Structures are given as C-alpha cells and as structure tokens.
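Topology and contacts: notes
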Amino acid sequence: QVQLVESGGGLVQPGGSLRLSCAASGSRFRINAMGWYRQAPGKQREMVAVFSSDGDTQYADSVKGRFTISRDNAKNTVFLQLNSLKPEDTAVYLCNVDVTNWGSSLRYSTWGQGTQVTVSS
C-alpha cells in the first residue's frame, strides 16, 4: 500500500509561481512512473507533467515552458514548479504514481488527495 501526500497549493495572482510537492510512503513498492494531473470543475482530468519509467518527461502543451517537473528519488518525492501562472491554470492538482508491489508483483496506480491552485487577480 502506497500513500501520497501533496502540498504547496494556494492562491496566487496571474504571473505568480507555486511549487507543489508529492511524497510517496509505504513499503515493498517500486515506482514505475509518477506525475501530476489537474482537474477543474466541469472539466475532465488532464495530464500536466509526468516522468516515465525511463526518466523521460512529458508536458501538456498548455504548460510547456512554464511548468517543470522534478523529483528526489531518495525521498520518493515528485515536484512541480508552476511559473507564469494564468487563471486557466486554476484547478485541483493531483499526484499520480504507478507502482509495483514487489512482494506480490501487483501493479497499480494510486492518487493523492489533491492540492488546490487558484490563480486570480
């Protein structure tokens, strides 16, 4: 069982910045991939930025050049730096981790509770 704890959201003005973090905890697991998604009211959840298992990154077109995903492997933590924020970035940002339980060989995806990012003047 893996638990994700997210933090760093808040209220910022357009053009501002935030840094989100997501820490994975538990035992007997291996992270295959991890990343950030977001969901605004009335909209479908979308991928924002992810690390694949080989370390490659992917970004949504809407955030390229503004957001940066990074990680601290020793702490099982993934970060998302959000710069040049726009009102349309307002959403709940959720961490997702694709995990293999190496004891049972089960593979599953788990989600954090989400952290609210609000961009408004």
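Heads up: the structure comes first, above all this text.
Below or above, wherever it landed, is the structure these notes cover. What you see is a predicted model; the values in this text were computed from it and never measured. (Residues numbered from 1 in each chain as written. Predicted model: local features only at pLDDT ≥ 70, side-chain atom pairs only at ≥ 80, totals over all residues. Heavy atoms only, no water.)

**With respect to the packing of aromatic side chains**
- One pass over the full model with this rule turns up one aromatic pair.
- Taking the centre distance of 5.0 Å and the plane angle of 70 degrees together, the rings of Y37 and W111 count as edge-to-face. Of this pair, Y37 sits in strand 4 (residues 29-39) while W111 sits in strand 10 (residues 106-111), placing them 74 residues apart in sequence.
- A relative accessible area of 35% places W111 in the partly exposed class.
- Residue placement shows R19 over the ring face of F79; its charged tip is 4.3 Å from the ring centre.
- R28 extends its terminal NZ or CZ atom over the ring of W102, reaching a point 4.6 Å from the ring centre. (Phe/Tyr/Trp six-rings, centres within 6.5 Å; stacked < 30°, edge-to-face > 60°. Helix = DSSP H or I, 4+ residues; strand = E, 2+ residues; numbered from the N terminus. Buried < 20%, exposed > 50% of the residue type's maximum accessible area, 1.4 Å probe, protein only. Lys NZ or Arg CZ within 6 Å of the ring centre and 35° of its normal.)

**Things to note about the nonpolar core**
- Residues W36, V48, F67, V78, L80 and Y93 are the most contacted members of the largest nonpolar core, which totals 29 residues.
- Mapped by element, the contributors of at least two residues to this core are strand 1 (2-7), strand 3 (18-26), strand 4, strand 5 (46-51), strand 7 (67-72), strand 8 (77-82), strand 9 (91-101) and strand 11 (115-119).
- Considering each element in turn, this core owes the most residues, five residues, to strand 9. (Core = buried A, V, L, I, M, F, W, Y, C linked by side-chain atoms within 4.5 Å.)

**Some details on the pairing of strand 3**
- In terms of strand pairing, strand 1 meets strand 3 through six bridges, oriented antiparallel. Within strand 3, the residue paired with Q3 across the bridge is S25.
- Pairing between strand 3 and strand 8: six bridges, direction antiparallel. In the sheet register, L20 faces strand 8, and the bridge partner there is L80. (Pairing = 2+ DSSP bridges.)

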